[in-house]
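# Examination of the molecular architecture
Each chain is listed here by its residues.
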Amino acid sequence: MTSPTTEIVVAGVGLTPVGEHWDQSLRQLSLRAIEAARSDAGGLRPEALYVANMLAPALSGQAHLGALIADFAGLRGIEAMAVDAAGASGGAALRQAWLAIASGQIESALVVGVEKITDKVGAAIQAAMAASSDADYESVQGITPAAQAALRMRRYLHETSAPADALGGFSVVAHANAVHNPNAMFRRAIDREDYRKAAAVSDPVSVMDAAPLADGAAAMILTRRDLVSRSDPRPPVAVVGSALTTTSLALHDQADLLTLDAAAESARRAYAQAGVGPDDIDLFELHDPFSIFAALGLEAAGFAEPRRGWTLGTDGAVSLTGRIPICTFGGSKARGEPGGATGVYQACEVVLQLEGRAGANQVPDARVGMAQCLGAMGATAATHIFTRISA
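Residues numbered from 1 in each chain as written. Predicted model: local features only at pLDDT ≥ 70, side-chain atom pairs only at ≥ 80, totals over all residues. Heavy atoms only, no water.

Computed from the structure, the largest pocket encloses a volume of approximately 680 Å³. Taken together, 38 residues make up the lining of the largest pocket; nearest its centre are Ala211, Pro212, Leu213, Phe290 and Glu337. For the lining of the largest pocket, the secondary structure elements donating two or more residues are α5 (123–130) and α6 (145–160). Per-element tally for the lining of the largest pocket: the top contributor is α5, with three residues. A per-class count over the lining of the largest pocket returns 25 nonpolar, eight polar and five charged. (1 Å grid on protein atoms, 1.4 Å probe; cavity = no way out; pocket = protein on both sides within 12 Å on 5 of 7 lines; lining within 4 Å. Points joined across faces, edges and corners; volume = space filled by probe spheres on them. Helix = DSSP H or I, 4+ residues; strand = E, 2+ residues; numbered from the N terminus. Nonpolar A, V, L, I, M, F, W, Y, C, P; charged D, E, K, R; others polar.)

Listed below in structure tokens is the structure:
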């Protein structure tokens, strides 16, 4: 697939803090992010709305989110729909917006990712999360996402002969970056000793390997470049690569337990579309619901050889000043994991970096950034590449 002739740029972004929002509903969180994004875009009114969510039917008892949120946001009458691809929902919704503009049918589109975890507590949340796995062969047996991640992590440590704390560097980096992110759930740095002492969730996965599920909403407006105000002082940021691919849903049906096939293929397609490669990427917002996915994600995207991704967490390569900075605002591990909204948070964070609005988290001279989110155990992967356009 070739790039569209229309240059598609980001007009505005909006983020809410990630955490426990007991006093706000799903629609209220969405509205906060939408209003922030529209303000950032100079009040632009989108022609279409794509809502990314994975848990509202199970946790909030609410489906039909497109109409609900469009109405509540004062956008009644526009095209609106919800997109569900589990943890990849945010990236999937962003791709739908990108495709809609590329088709020429609409000129501007709003993507909002929202998740309201705290509408339920305890086992209900785990049951809802497990629904993204294969219901007939996985979740019916009682296996949880943490247990599946533990199986993968155990095998990875065995095959690589890496030390038990090999993946700890990813958590340390994520927490260090979250310290200066006002939207992060855990704004406290940790060290290797904190990682080693952490209690087990599903051995060998500990609480320092697992991202906290949380509420949150993020929004982004895409449009044609010629429709963006010329008086906007920010450098334009274009979406130059967009790809979504899938592999088998059940983990046991995937060809290699330690290879994220969909992630590798979606990255390959996005690279080809953007005309770039791993060496051109200045930062990578990968999806880290568990630390094992940081290592596997780096390998899938071509930043490390297979079974060698863990070494990037030990040599400083993934820090803000390293060779390939990741999780620059804390990632899922420290910013928090807002389910289907994760991909929109990632995309917004990449844009803030490329616009030079990342504050203390700024990656020096960032010009090309990539975001990739995963559904379940990697059955779906959505990859987007953004480029800062020179004046």
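With that settled, consider the packing of aromatic side chains. Two aromatic rings are characterised by how far apart their centres lie and by the angle between their planes. What the rule picks out here adds up to one aromatic pair. The interplanar angle of 35° and the centroid separation of 5.3 Å between the aromatic rings of Phe284 and Phe303 together place this pair among those described as tilted. Residue Phe284 is located in strand β9 (residues 283–285), and its partner Phe303 is located in the loop between α10 (291–300) and α11 (331–335); the two are separated by 19 residues in the primary sequence. One exposure class covers both Phe284 and Phe303, and it is buried. A cation over a ring is seen here: Arg27 above Phe72, with NZ or CZ 5.8 Å from the ring centre. (Phe/Tyr/Trp six-rings, centres within 6.5 Å; stacked < 30°, edge-to-face > 60°. Buried < 20%, exposed > 50% of the residue type's maximum accessible area, 1.4 Å probe, protein only. Lys NZ or Arg CZ within 6 Å of the ring centre and 35° of its normal.)

Once that is clear, we can look at the nonpolar core. Soluble, globular proteins show a tendency: their nonpolar side chains are buried together. Ranked by internal contacts, the top residues of the largest apolar core, which has 54 residues, are Leu167, Tyr271, Ile281, Phe284, Ile292, Leu298 and Phe303. Listing elements by their share of this core, those giving two or more residues are α6, α7 (168–178), α9 (261–274), α10, β10 (368–375) and β11 (380–388). For this core, the leading source of residues is α10, giving seven residues. Ignoring sequence-local partners within four residues, the contact set of Phe284 consists of Gly297, Leu298, Ala301, Phe303, Ile324, Pro325, Ile326, Cys327, Met370 and Gln372. One finds Tyr50, Ala52, Leu320 and Val344 within the second-largest nonpolar core, a separate group that totals 45 residues. (Core = buried A, V, L, I, M, F, W, Y, C linked by side-chain atoms within 4.5 Å. Contact = heavy atoms within 4.5 Å.)

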